[in-house]
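What follows is each chain in one-letter form.
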Amino acid sequence: MARFINPFTDVGFKRIFGQEMSKPLLIDFLNNLLVGERVIVDLSFLDKELPAVYEGDRSLIYDIYCETDDGDKIIVEMQNRLQPNFKQRSIYYAAESIARQGERGPEWRYDVHPVYLIAFLNFTLADIGAKFRTDIALADTQSKEQFSDRLRLIYLQLPMFRKEPDECKNDFERWIYV
């Protein structure tokens, strides 16, 4: 029987981060990823499968889908192999999570909570640059000031992380090294 869990498989990744007993690990990782931006005290796992909105549509299946104690939604995806259109699919996943927060009825209520999509990529995406971490937010193109904090996409290209254990300067880098 194997002694180690492969985090690059769906089963391994969900075992490490996506179950109730490992929730403290996910909280610690997310807090180290978002250091200086926010602190997550607690989170709850949501159903990873969102049913189709209308007949003939496809349902969405996230690797990990959770909600923080503040109501923010966090989607965590592990992609082991390059997939065409992954960037577009990740935008769609995040947009669906935002859209499904809207209350339908006689009055639309648009007070949606922020959605974070964090993508671990075991490959590089040519169209996001040759760097380990890429952070995407809604911002004014001229002033670079944040326009809204309701959508955030973070891509972690694991092959671009080349530090050795003694070169890791913080807990986030140690998490990625492991």
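Residues numbered from 1 in each chain as written. Predicted model: local features only at pLDDT ≥ 70, side-chain atom pairs only at ≥ 80, totals over all residues. Heavy atoms only, no water.

A closer look at the sheet that holds strand β6 (residues 115–121)
Read from one edge of the open sheet, six strands run β1-β4-β5-β6-β8-β7, paired in mixed fashion. Here the strands that pair on one side only, and so sit at the sheet edges, are β1 (43–45) and β7 (133–139). Taking the axes of each pair of neighbouring strands and ignoring which way they run, one obtains an average angle of 20° across the sheet. Across seven bridges, β6 lies against strand β8 (residues 146–157) in parallel orientation. Pairing of Phe120 across the sheet is with Leu156, part of β8. (Pairing = 2+ DSSP bridges. Helix = DSSP H or I, 4+ residues; strand = E, 2+ residues; numbered from the N terminus. Axes fitted to C-alpha atoms, helices over the stretch in contact; angles between N-to-C directions.)

Points about the packing of aromatic side chains
Considering all chains together, one arrives at eight aromatic pairs under this definition. Here the aromatic rings of Phe29 and Phe172 are separated by 5.9 Å at their centres, their planes lie at 40°, and the arrangement is tilted. Of the two residues, Phe29 sits in helix α2 (residues 23–33) while Phe172 sits in helix α4 (residues 171–177), which places them 143 residues apart along the sequence. In terms of burial, Phe29 and Phe172 fall into one category: buried. Here the aromatic residues Phe29, Phe120, Phe132, Phe161, Phe172 and Trp175 are joined through ring pairs into a cluster of three or more. (Phe/Tyr/Trp six-rings, centres within 6.5 Å; stacked < 30°, edge-to-face > 60°. Buried < 20%, exposed > 50% of the residue type's maximum accessible area, 1.4 Å probe, protein only.)

Structural notes on the side chain of Ser97
For Ser97, the position within the fold is in helix α3 (residues 86–99). Here Ser97 falls in the buried class, since its relative accessible area comes to 1%. At 2.7 Å, the side chain of Ser97 forms a polar contact with the side chain of Tyr65. Ser97 has contacts with Tyr62, Tyr65, Lys73, Ile75 and Val115, leaving out every residue within four places of it along the chain. (Polar contact = N/O pair within 3.5 Å; in protein donor to acceptor, adjacent residues only side chain to side chain. Contact = heavy atoms within 4.5 Å.)

Concerning α2
With eight of eleven residues buried, α2 lies mostly within the body of the structure. The set of residues buried in α2 consists of Lys23, Leu26, Ile27, Phe29, Leu30, Asn31, Asn32 and Leu33.

Digging into the nonpolar core
Looking at soluble globular proteins, one finds that nonpolar side chains tend to be buried together. Counting residues in each nonpolar core, the largest one holds 27 residues, and the members touching the most others are Phe29, Leu30, Leu33, Phe120, Leu156 and Ile176. For this core, the secondary structure elements donating two or more residues are α1 (10–17), α2, β4 (64–68), β5 (73–79), β6, β8 and α4. Of the residues forming this core, the biggest block, five residues, is contributed by α2. Setting aside its immediate chain neighbours within four residues, Phe29 contacts Phe17, Phe120, Leu156, Phe172, Trp175 and Ile176. By size, the runner-up hydrophobic cluster in this structure holds 16 residues, among which are Ile75, Leu117, Leu125 and Tyr155. (Core = buried A, V, L, I, M, F, W, Y, C linked by side-chain atoms within 4.5 Å.)

Structural notes on the pairing of β4
Of all five residues making up β4, four are buried, and the element is well covered by its neighbours. Bridge count between β1 and β4: three bridges; the pairing is antiparallel. Looking across to β4, one finds that Ser44 is bridged to Glu67. The sheet contact formed by β4 and β5 spans four bridges and is antiparallel. Opposite Ile64, over in β5, you have Val76 as the bridge partner. Hairpin connection of β4 to β5: four residues between the antiparallel strands, including Gly71 at a positive phi of 95°.

Quick word on α3
An ideal rise of 1.5 Å per residue puts 20 Å on 14 residues; α3 measures up with 20 Å between its terminal C-alpha atoms. Every buried residue of α3 is listed here: Phe86, Ser90, Tyr93, Ala94, Glu96 and Ser97. Around the axis of α3, the buried residues are gathered within 155° of arc, so they sit on the same side. Packed against the buried residues of α3 are β3 (60–61), β4, β5, β6 and β8. (Expected span 1.5 Å × (residues − 1). Arc of directions from axis to C-beta.)

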